[in-house]
Amino acid sequence: MGARVKVACVGGGPANLYFSILMKRVDPSHDITVYERNPAGSTYGWGVTYWYELLEDLHGADPESARVIVDGSVRWESWVVHVQDRMTVGLEHGDLGFGIGRRDLLGILAERARSLGVRIEYEREIVREEEVADADLVVAGDGVNSVLRERHAGHFGPQFAVGRNFYTWLGTTKIFDAFTFAFVETQYGWIWCYGYGFGKEHSTCVIECFPETWRGLGFDQANEADSLGMLEKLFADILDGHPLIGRAQPDGTAHWLNFRTLTNRRWYRGNLVLLGDAAHTTHYSVGAGTALALGDAAFLVDALHREPRLERALARYERRRMAAIRSTQRAAHYSAQWYENLPRYINLPPQELFTLLGQRHSRLLPHLPPRLFYRMGQVGAPFIALGSMLRRARRTRAAGSADPGAPPG
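As a starting point, this report considers the structure included with it. Please read all numbers here as calculations on a predicted model, not as lab measurements.

**Topic: the packing of aromatic side chains**
Moving on, step 1. Counted according to the given criterion, the structure contains 24 aromatic pairs.
Moving on, step 2. A ring pair is formed by Trp51 and Trp76, whose centres lie 5.9 Å apart and whose planes are at 90°; its orientation type is edge-to-face. Taken together, the positions of Trp51 in strand S3 (residues 47-51) and Trp76 in strand S4 (residues 74-76) put the pair 25 residues apart, joining distant regions of the chain.
Moving on, step 3. Taking the relative accessible area as the measure of exposure, Trp76 reaches 3% and is therefore buried.
Moving on, step 4. Centre to centre, the rings of Trp338 and Tyr345 are 4.8 Å apart; their planes meet at 10°, and the pair counts as stacked. Neither residue differs from the other here; Trp338 and Tyr345 are each classed as buried.
Moving on, step 5. Note that Arg266 overlies the ring of Tyr268, its terminal NZ or CZ placed 4.9 Å from the centroid.
Moving on, step 6. Its guanidinium or amino end placed over the ring of Phe299, Arg321 lies 4.7 Å from that ring's centre, counting from NZ or CZ.

Below is the structure:
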């Protein structure tokens, strides 16, 4: 593309903010405006997770924002699984993970973008490309319900696969010092929680259950206050008396959803291109949403500055990024299936359950008896352990040199 490009980024989420940062780093003359329909600081979402591999990419792409993100993150290497009151099992040296408040992350990226000359207009909703007709490029990073994408649904070909289970995304004042899984059996079936810290005052709790469990416990009829009260009792052992915090819907209803996995046949049309959740979603149980959004931004910037013509650049982005995320999409699919088939695994001995929980992304696992899969894994365990040890050593050295003062996870 030409030296100076005028860009309209529709949506003020991580994907568009990071895209604007990287575009300005490549060429400060680019004229970039981010339009966000909500007021500044009004985001919802509690904490988001990311893993060490993303941290390496962030430091390579924009060290300044990477340092601030890591300074504002909680990290963990421990994983704990609770199953009712019959067992607790943990791993003290797992993969290095991080949690950061979504509001904090957006604030960091917005401040960095503004420092590079990006304009951010809050409370400005764009519903048609004609509203930004003077832009050379329009980046639709306006989320899974993208208005710009839906205007051209026949071209983009969005498809949604709706998950079977119900889930709700909550906060709590309980600070988890490890990534925590808790499974509780009720007379109507299993319900479970993923909990992780993301700051000094709050953690995230994602609650999931089968539809028959959801209806049997009365969540289909309960308002949010009653739902939170029931969930606090069910997960009292891990909450230690701390409350769960909901979304406070205007009508008082509880915010239960079925996860929708989005794919699109195409990612661009003319000078309009999709980014982040507008282009794709992956099940929350793999914790990859933020990493994929930021990765989209990096791939798009790279394509725009490798190809002189816009159409060729967007085609390159679409082709290469679709291929790059395919393995993560598969992993998310199998992870979601693992939870939908939880009774197949939940009564295994503690170490076997813990191991298969960690390997829920496997394409082979659904097709083999769980205990056979576990035993097969034990044969190769010494080689897997060696690889993990070497990766941890590399990560520890890198993290220590890049971020000596971050708080422990």
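Here the narrative resumes, following the displayed structure.
**Regarding the sheet that holds strand S8 (residues 119-122)**
Moving on, step 1. On the basis of which strands lie adjacent, the open sheet formed by six strands has the order S8-S2-S1-S9-S17-S16 and mixed pairing. On the outer flanks of this sheet lie S8 and strand S16 (268-269), each paired with one strand and no other.
Moving on, step 2. Both strand S2 (residues 31-36) and S8 contribute to a ladder of four bridges, which runs parallel. Directly across from Tyr35, in S8, lies its bridge partner Glu121.

**Brief notes about the sheet that holds S4**
Moving on, step 1. On the basis of which strands lie adjacent, the open sheet formed by three strands has the order S3-S7-S4 and antiparallel pairing. In this open sheet, the two edge strands, each paired with only one partner strand, are S3 and S4. The average undirected angle you get between the axes of adjacent strands in this sheet is 25°.
Moving on, step 2. As paired strands, S4 and strand S7 (residues 97-101) are joined by three bridges and run antiparallel to one another. Among the inter-strand pairings, Arg75 is bridged to a residue of S7, identified as Phe98.

**Re the pattern of salt bridges**
Moving on, step 1. Here the structure, examined in full by the defined rule, presents 21 salt bridges.
Moving on, step 2. For the salt bridge of Asp62 with Arg112, the shortest nitrogen-to-oxygen distance reads 2.8 Å. With Asp62 in the loop between helix H2 (52-61) and helix H3 (63-71) and Arg112 in helix H4 (residues 102-115), the pair connects residues that are 50 residues apart, well separated along the chain. Note on accessibility: Asp62 and Arg112 belong to one class, buried.
Moving on, step 3. A salt bridge links Arg151 to Glu130; its shortest N-O distance comes to 3.4 Å. Residue Arg151 is located in helix H5 (residues 147-151), and its partner Glu130 is located in the loop between S8 and strand S9 (137-140); the two are separated by 21 residues in the primary sequence.
Moving on, step 4. What makes Arg151 partly exposed here is its relative accessible area of 38%.
Moving on, step 5. Beyond isolated ion pairs, a larger network of salt bridges with shared partners links Arg4, Lys6, Asp31, Arg119 and Asp134.

Criteria and cut-off values
Residues numbered from 1 in each chain as written. Predicted model: local features only at pLDDT ≥ 70, side-chain atom pairs only at ≥ 80, totals over all residues. Heavy atoms only, no water. Phe/Tyr/Trp six-rings, centres within 6.5 Å; stacked < 30°, edge-to-face > 60°. Helix = DSSP H or I, 4+ residues; strand = E, 2+ residues; numbered from the N terminus. Buried < 20%, exposed > 50% of the residue type's maximum accessible area, 1.4 Å probe, protein only. Lys NZ or Arg CZ within 6 Å of the ring centre and 35° of its normal. Pairing = 2+ DSSP bridges. Axes fitted to C-alpha atoms, helices over the stretch in contact; angles between N-to-C directions. Salt bridge = Lys/Arg side-chain N within 4 Å of Asp/Glu carboxyl O.

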